[in-house]
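Structure assessment
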Amino acid sequence: MLISVDYRLLPQVNGLDILEDVTAAWKFIFEDLASDHPEFVLDKTKVIVAGQSAGMLQVL
Amino acid sequence: MDQVKEYLSLQLLQGGYLAYLAGAHARPRPAAVLSIYGVSTFENPFVQGGTQLRKQKLTRDDVSAFLGGNVTTGWTPTKANPFLPSASEGILFDDVLDNAPSLDDRGVLLDYFLQENLYTQIVGTAPELNPLSYMTEDYPPTVIIHGTKDRYVPIDQSIRAASRLEGAGAMVRLITVPGADHAFEHWARAADSNISKLWSTYLAPMFRLVDEFTSVDPGTKQKSPRAVRQGFLDVAEALTPEIHKWTELPLEVVTFEPDASAYFQCRGVRQYTIDELSRLEWGKGDEFILDFGTHRAGYFAFHLAAQGTNIDAPVRLKLTFGEIPYDVTEDLHPCKTWISTSWVPDETINVDWCPTDVEMPRRYSFRYVRVQVIDTSAKFKVLFQNIRVQAVSAIAPGTKLASLLLKDELFNRIDEVSMLTLRDCMQTVFEDGPRRDRRLWLGDLRLQALTNYCTYRNYDLVKRCLYLFAALPRENGALPACVFEKPVVKAASDYIVDYDALFGSVVYDYARESGDLQTARDLWETVLDSMKSALSHVNSSGEYDSTKSSSWNFLDWQPDLHKDAGMHGLTIFCCNAINDLAQLLNKDPPYMSIVSKMATAALSFYSPAQSVFVSGPDAQISWASNAWLSLARVLPPEQCKKALLTTMAHPHAVKPLTPYLFHYFTEALAVSGAEKESLALIKDYWGGMVKAGADTFWECYDPNDSRASPYGDCHNNSYCHAWSCTPSYLLRRVLREYLAEDGQVT
């Protein structure tokens, strides 16, 4: 299963806002997904997180 | 996994920084973090140093359209995103900066924020925003891939993350892609045909590693095995230097005439010019000696022409590469050495189909080449033309250094020879000698690094070597004396207690000289481990006792040397260096009490009656004991000075056999107030080699015996040897102030 996470971009937000987006994504994966989308079954011990660049070319 | 792979190959991912953040803060922790040239920190000179990416400076007006307005997310459509593969396969590694985002693209904000150094302000400086600070042993297993020539996110970002994780004991693997720029895998996808095997070479293993890391049950997560600290090894690999290559030509053909007054009892005189040589024909049994005028490490090549009715046989040649006249004027076989005779620098080759170009595949270290024609045939002879050598070093040719400019020309020459010695030893590591053993030794590294700091200042090569040792600890955390680079990086089985202990001082020297405290922090645990073996030899009275283990204490090749006193001094010296390093890193100095105990105990090695340090039941007086206990400063300088001078004058004191120990004795003189005697010793010892004809300094030098060798036969000696390169360091650094005050500078 692949979950693509968007996040808010600089400069209208700051680093802490972006960290909040990461935390929100994690809450979605580990809590909301099971209740909102029971059709997806996730092995929670094998969630890897991948990222490229800083998305710096996206201006973070 | 396959989906990630598929996604990556279809779409641009983003948020490498977010992946690191998730590794730091997300709970439960991710099973693994995969960083594709990700930003690991904003505390970085590239981000904070006003980096100018594009040729034209941007103004606020250029980017104002993106500065206000609503918050946006996601992929910003661009008109000409430089990172999307173009249709052409030929653009692999194209200069992405030449395709900088147009002013219509939101991507110009990156250029603008860097240029104006705005990231710190916009992102904020809350401590949780620096993932590096959260890289502890518990950080998720991490795989990082990064191109070495990345200009948008310099590879330093990944090196720092990898070394931090490694130092903390987390699982980490950094895959470096030589020569690759930012977003290289997109080019690779476009071009994974006959142009590039990037995908299969780097990205496929990356996914295998992620699979491997995530298949470990988190409950029984294993730390990376101590046998090889892969993360440290990765850092070392990423620092592999570019080897510079340049062509040098022979000066003339020489012959050696007997000369009883010369150190080697002969002197070279010109026999032919190289121009004359190019027209001379040579047949069975003929030979000549080429003189290149100076020393270098490199690859020998020439054009072999032929003259005759038929070229009806191969040409058999014997080539011997000489650093000193003996190498090319005597038969090197049989060689009565107890180390391998395979080091003896000669090759017998058979060359087919003349005329042809001959390029010798092995690197040799030489000034002279003896060319012997073993046979051609009765029908033809050969000519040697276009003779050349491709010299190699990590130091670029023509690197100009400020001259020493001392009034005494001999010192200037000693300085030049030191630097040439160091240059030829600086290859992909600091080799002990380009002729033999061509590998990295820890004790030699310390002296080379010190000399390098006041000459070429190649900090990265020192850093690489530090990480190589740190990557290869022995079971008890001790470091090997020597490391092999090939065929794969591996620790040698050799172990030397004093070399191990010196590691911390090499790290301290490096940190102080380069200002790179981060490396010192990463290697701190390794430094502490490297002192354990030496300290385990200290008995309850605080004295070094070499009989406490069977490990090798070196100090010098001199077989008669009693080593307890010298090792006692060396152990204090190393503890002092590590205490100083701790202060540099704002840590508590770990060895204050042991140093104090050992300094008191050192008096048991001092003979007040004779005013010298002695060692062992026979109260042996040696240069080694007095050098190291003086460097340890266990007595006030004037008393150390007296001990050193008394030792030098003592008829039965055990003298050094190697320049390695001569260095420490000379440095001990210099730091104990005996600068004049220190300079005299440099002039006498290293100056003696210069007068004997040294182009580079030797592994071993006995003024009274030109055939002295620690290995049984001088034909296997190395005459360009790391541990004798230190006069530049002594003259340019240790004795510099004294030379200036004494009016010896022009």
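Residues numbered from 1 in each chain as written. Chains lettered and ligands numbered in written order. Predicted model: local features only at pLDDT ≥ 70, side-chain atom pairs only at ≥ 80, totals over all residues.

The helix and strand inventory of chain A stands at one helix and one strand. In chain A, buried positions account for 40% of the 60 residues. (Helix = DSSP H or I, 4+ residues; strand = E, 2+ residues; numbered from the N terminus. Buried ≥ 20, exposed ≤ 12 C-beta atoms within 10 Å, placed from the backbone.)

All names here are of chain B. Averaged over every residue, the pLDDT of chain B is 89; the share at 70 or more is 90%. Note that pLDDT drops below 50 for residues 189-196; the model gives that stretch 16 contacts with residues more than four away or on any other chain. In the predicted structure, residues 218-226 sits below a pLDDT of 50 and forms eleven contacts with residues beyond four places in sequence or in another chain. The complex prediction reports pTM at 0.70, with the ipTM value standing at 0.93. (pLDDT = per-residue confidence, 0-100. Contact = placed C-beta atoms within 7 Å.)

Let us look at the nonpolar core. Residues and elements named next belong to chain B. By size, the foremost hydrophobic cluster in this structure holds 194 residues, and its most contacted members are Cys-465, Leu-466, Leu-468, Phe-469, Val-507, Cys-574 and Ile-578. When residues in this core are grouped by element, the largest group, eleven residues, is from helix α19 (residues 564-584). Both domain 1 (2-224) and domain 3 (409-741) contribute no fewer than three residues apiece to this core. When residues no more than four places from it in sequence are discounted, the contact partners of Ile-578 are Gly-504, Tyr-508, Val-527, Met-531, Pro-590 and Tyr-591. (Core = buried A, V, L, I, M, F, W, Y, C linked by C-beta atoms within 7 Å. Domains from an automatic or database assignment.)

All names here are of chain B. Read across the open sheet, the three strands follow the order β16-β17-β18; overall the sheet is antiparallel. The open sheet terminates on both sides in strands that have one partner only, identified here as β16 (606-607) and β18 (620-621). Both β16 and strand β17 (residues 612-615) contribute to a ladder of two bridges, which runs antiparallel. Bridging across to β17, Ser-607 finds its partner in Val-612. (Pairing = 2+ DSSP bridges.)

Residues and elements named next belong to chain B. Sheet topology places strand β5 (residues 252-258) next to strand β7 (residues 287-308); three bridges connect them, and they run antiparallel. Counted as the bridge partner of Val-254 is Ile-289 from β7. In the sheet, β7 pairs with strand β11 (residues 364-375) via eight bridges, with the strands oriented antiparallel. Its bridge partner being in β11, Gly-298 is matched across the sheet by Tyr-364.

Turning to the environment of Leu332(B), a few remarks are in order. Residue and element names in this part refer to chain B. Looking at the secondary structure, you find Leu-332 in the loop between α12 (325-329) and β9 (346-351). For Leu-332, a count of 18 C-beta atoms within 10 Å puts it in the partly exposed group. In sequence terms Leu-332 and Ala-649 are 317 residues apart; their C-alpha atoms lie 38 Å from each other. Once residues lying within four places of it in the same chain are set aside, the contact partners of Leu-332 are Thr-320, Asp-327, Val-344, Asp-346 and His-715.

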